[in-house]
Amino acid sequence: MKARFTPALFAHAEKLLAELLRFEHPADAVVSRYFREHRELGHADRGFVAETVFAVLRRKRSLEARCGGEAKPRRLLLAALACFGGWSQKSLEPVLKASEVEWLGAAKAVREAELPAAVRCNLPDWLYGALVAQYGEAETAELAAALNQPAPLDLRVNTLKADRDGLLAALAADGIGARPGALSPLAIRLDGKPALAKHPRFLDGSFEVQDEGSQLLGLLLAPRRGEMVVDFCAGAGGKTLLLGSLMKNTGRLYAFDVSDKRLANLKPRLARSGLSNVHPARIEHERDAKIKRLAGKADRVLVDAPCSGLGTLRRNPDLKWRQGESAVAELVAKQGAILAAAATLPRPGGRLVYATCSLLAAENDGVVDAFLAAHPDYRIVSAGETLEKQGVALPGERLRLLPHRHGSDGFFAVILEKQP
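Here the structure is a predicted model, which means the values were calculated and not measured.

What counts as what
Residue positions are given per chain, counting from 1 as you read along its sequence in written order. Two thresholds apply to this predicted model, a pLDDT of at least 70 for residue-level local features and 80 or more for giving and counting side-chain atom pairs, whereas whole-chain, interface and lining totals are computed over all residues. Excluded from the side-chain calculations are hydrogens and water; all other atoms, namely the structure's heavy atoms, are used. To qualify as a helix, a DSSP run of H or I must reach at least 4 residues; to qualify as a strand, a run of E must reach at least 2; elements of each kind are numbered from the N terminus. Computation of the radius of gyration draws on C-alpha atoms, with the globule rule given as 2.2 Å multiplied by the number of residues to the power 0.38. The buried label applies to any residue whose accessible area, calculated with a 1.4 Å probe on protein chains only, is under 20% of its type's maximum; exposed applies above 50%, and partly exposed to all values in between. Should any heavy atoms of two residues lie within 4.5 Å, those residues are counted as being in contact. Per-residue and other accessible areas follow the Shrake-Rupley method at a 1.4 Å probe size, with only the shown protein chains counted as cover for residues. In this count, Lys and Arg are taken as positive residues and Asp and Glu as negative ones, while His and the chain termini are left out. For the purpose of locating charges, the reference atoms are NZ of Lys, CZ of Arg, CG of Asp and CD of Glu. Residues are said to line a cavity or pocket when one of their atoms sits within 4 Å of a point; the points come from a 1 Å grid over protein atoms alone, cavities being sets where a 1.4 Å probe fits but cannot get out and pockets being open sets with protein on both sides within 12 Å along at least five of seven lines. Grid points are joined across faces, edges and corners, and a volume is the space filled by probe spheres set on the points. Three residue categories are used. Nonpolar comprises Ala, Val, Leu, Ile, Met, Phe, Trp, Tyr, Cys and Pro, charged comprises Asp, Glu, Lys and Arg, and polar comprises the others, including Gly. What makes two strands pair is DSSP finding at least two bridges between them. Helix axes are fitted only over the stretch in contact, all axes being lines through C-alpha atoms; the angle between N-to-C directions runs from 0 to 180 degrees. Multiplying one less than the number of residues by 1.5 Å gives the expected span of a helix. Here, the arc refers to the directions that run from the helix axis to the C-beta atoms. Here the angle decides the label: under 35 degrees means roughly parallel, over 145 means roughly antiparallel, 65 to 115 means roughly perpendicular, and every other value means oblique. Each crossing gets its handedness from the near helix: less than a right angle anticlockwise from the far helix is left-handed, clockwise is right-handed. Take a side-chain nitrogen of Lys or Arg and a carboxyl oxygen of Asp or Glu: if they are within 4 Å of each other, that pair is a salt bridge. In this scheme Phe, Tyr and Trp rings, the latter by its six-membered ring, pair at centre separations within 6.5 Å, and the angle between planes marks the pair as stacked below 30 degrees, edge-to-face above 60, and tilted otherwise. Two conditions define a charge sitting above a ring: the NZ of Lys or the CZ of Arg must be within 6 Å of the ring centre, and it must be within 35 degrees of the ring normal.

A. Structural view of the overall build of the protein chain. Each helix and strand counted, the protein chain has 19 helices and 12 strands in total. Taken over the C-alpha trace, the protein chain has a radius of gyration of 23 Å; the compact-globule value for 420 residues is 22 Å, and the two agree within 12%. The principal-axis extents of the C-alpha atoms in the protein chain amount to approximately 75 × 50 × 40 Å. Counting all 420 residues of the protein chain, 53% fall into the buried class. Residue pairs in contact within the protein chain that sit at least 24 positions apart in sequence constitute 72% of those at least 6 positions apart. Of the roughly 17900 Å² of accessible surface on the protein chain, a fraction of 52% belongs to carbon and sulfur atoms. Side chains of the protein chain give 59 positive and 49 negative charges; the mean places of these two sets differ by 4 Å.

B. Empty space enclosed by the protein, seen in detail. Inspection of the entire model under this criterion finds 1 cavity of 30 Å³ or more. Lining the largest cavity are Arg156, Asn158, Gly205, Phe207, Glu208, Leu241, Ser245, Arg269, Arg272, Ser273 and Leu275. Residue contributions to the lining of the largest cavity peak at 3 residues, all from helix 13 (residues 260-273). Taken together, the residues that form the lining of the largest cavity break down as 3 nonpolar, 4 polar and 4 charged.

C. Structural context of the sheet that holds strand 1 (residues 154-157). Within the open sheet, the 4 strands sit side by side as 2-3-1-4. Their pairing is antiparallel. Here the strands that pair on one side only, and so sit at the sheet edges, are strand 2 (178-180) and strand 4 (207-209). Shown here is a sheet whose adjacent strand axes are inclined to one another by a mean of 30 degrees, direction ignored. Of the pairings in the sheet, the one linking strand 1 to strand 4 comprises 3 bridges and is antiparallel in character. Each bridged residue has a counterpart across the sheet, and for Arg156 the counterpart in strand 4 is Glu208. Taken strand by strand, helix 9 (residues 164-173) contacts strand 1, strand 2, strand 3 (187-190) and strand 4, and its axis lies near 20 degrees from that of strand 3.

D. Here's a closer look at helix 1 (residues 7-20). The end-to-end C-alpha distance of helix 1 is 20 Å, a good match for the 20 Å that 14 residues give at a rise of 1.5 Å each. If you check which residues of helix 1 are buried, you get Leu9, Phe10, His12, Ala13, Leu16, Leu17 and Leu20. Down the axis, helix 1 shows its buried residues gathered within 155 degrees of arc, on one side only. As for helix 1, its buried residues are in contact with helix 2 (27-37), helix 3 (43-58) and helix 5 (73-83).

E. A look at the packing of helix 11 (residues 212-221) against helix 12 (residues 238-246). Running from N to C, helix 11 and helix 12 cross one another at 40 degrees; their axes reach a closest spacing of 9 Å. Judged on the interaxial angle alone, helix 12 and helix 11 are oblique. Considering only the axes of helix 11 and helix 12, their crossing is right-handed. The residues of helix 12 that touch helix 11, namely those facing Ser214, Gln215, Leu217, Gly218, Leu219 and Leu221, are Lys239, Leu242, Leu243 and Leu246. Among the residues making up the contact of helix 11 with helix 12, the classes are represented as 6 nonpolar, 3 polar and 1 charged.

F. View of the pattern of salt bridges. Tallying each qualifying case throughout the model produces 32 salt bridges. Notably, a salt bridge pairs Asp211 with Arg315, separated by 3.2 Å at the nearest N-O pair. Of this pair, Asp211 sits in the loop between strand 4 and helix 11 while Arg315 is found in the loop between strand 8 (298-304) and helix 15 (319-322), placing the two residues 104 residues apart along the sequence. The class for Asp211 is buried, based on a relative accessible area of 10%. One salt-bridge network, in which partners are shared between bridges, spans Asp365, Asp369, Glu397, Arg398 and Arg400.

G. The arrangement of unusual backbone geometry in detail. Located in the positive-phi region is Asn122, a residue other than glycine, with phi close to 55 degrees. Mapping Asn122 onto the fold places it in the loop between helix 7 (117-120) and helix 8 (125-147). The phi dihedral of Asn249 falls on the positive side, at around 60 degrees, and the residue is not glycine. Note on placement: Asn249 falls in the loop between helix 12 and strand 6 (252-257). Judged by its relative accessible area of 23%, Asn249 is partly exposed.

H. Structural context of the environment of Ala337. The topology assignment puts Ala337 in helix 16 (residues 325-342). Between the C-alpha atom of Ala337 and that of Ala281, which follows or precedes it by 56 residues, the distance is 20 Å.

I. Spatial organisation of the packing of aromatic side chains. One pass over the structure, following the stated rule, counts 5 aromatic pairs. Considering the side-chain rings of Tyr34 and Phe35, the 6.3 Å spacing of their centres and the 70 degrees angle between planes classify their relative orientation as edge-to-face. For the pair shown, Tyr34 and Phe35 are each scored as buried. The ring of Phe84 carries the charged tip of Arg59 above its face, separated from the ring centre by 4.4 Å. Here the basic side chain of Arg75 rests over the ring of Trp103, its NZ or CZ set 4.4 Å away from the ring centre.

Note that every value here comes from positions in space, so none of it alone points to a role or purpose.
This is the structure in structure tokens:
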């Protein structure tokens, strides 16, 4: 990447960062649109621009502290490259103005240890306070450090078309460094971030890109052959595809979502997967008639609830700057309503998995505990015991994944069983 560094590339990063710092749209959407508008940028160039602007989003507070009153996109980028990117002033000479040399030296001299804790962790005050209340100061610092690193690239093997050992061998033959995932028996973790969209094994459906933690949610639901299963908030269908493969392409799998666009994104993935048991359907809301028709009939239901997404800050660092406590409170109310609606679907003895990619207790234990208080016909089934049967060693009644402990995105999940 460094060998390709040019003033033109820096100018692209500066222009893109200025758009991102408005926080009007999700960062990944802004970046994708920018690259569509600038197709002259090759894979390596796009990689440099994206990694550089995301580095600023991850460390925005501490970079602003280093920049003082001059926290404009240009200076934030220079500080990120010099302070956290390992770039020397000499390597930055192609873009560094003479008037900026002394300033950049002062920015590099700032001692992180002297910054306030929330600034040092690059978290807004409200989020830092919430995490300290849950984990304490020491572990919050570890968690923040992990969240401020780029996420690795994980694949999920589609067991209808491939096995992990065979796929690892195929990737190695193509010069792609990879190893088995540490948690999911279906996961492969890549050493870098190669372009995969045109890889033959991607095009034939042998694998999908999916975080290892996300894969464990499908294993928690543990659907069986021939069952009726509902993915209640399917989105673009990553977990839907996993559930379908776990069902061995039998039974009936409904993929519900309120977004036509997200369900449209599922179609090409579904075609590659080889699955024929998936039935995507758009719903208006959690009380839609399509849902009411399935009441009491489903064997398994997955509720990957809309949430703050704070467990995914490694790949979506803008989320911590685009949300506040009021947004979380609104989400908690929405999550409770969705969970209550989804709970009408399982038959007696059926199971429901409630999951989020949030780090906050309010969206996780708080929602589940309120649900259980209002629904005595449901009980918790041990997540750890369910995963152990599938060769995954993660003890505990409720699944809690954290990047600094598990190397995955942050996830919470609980298995709820409807009593006869």
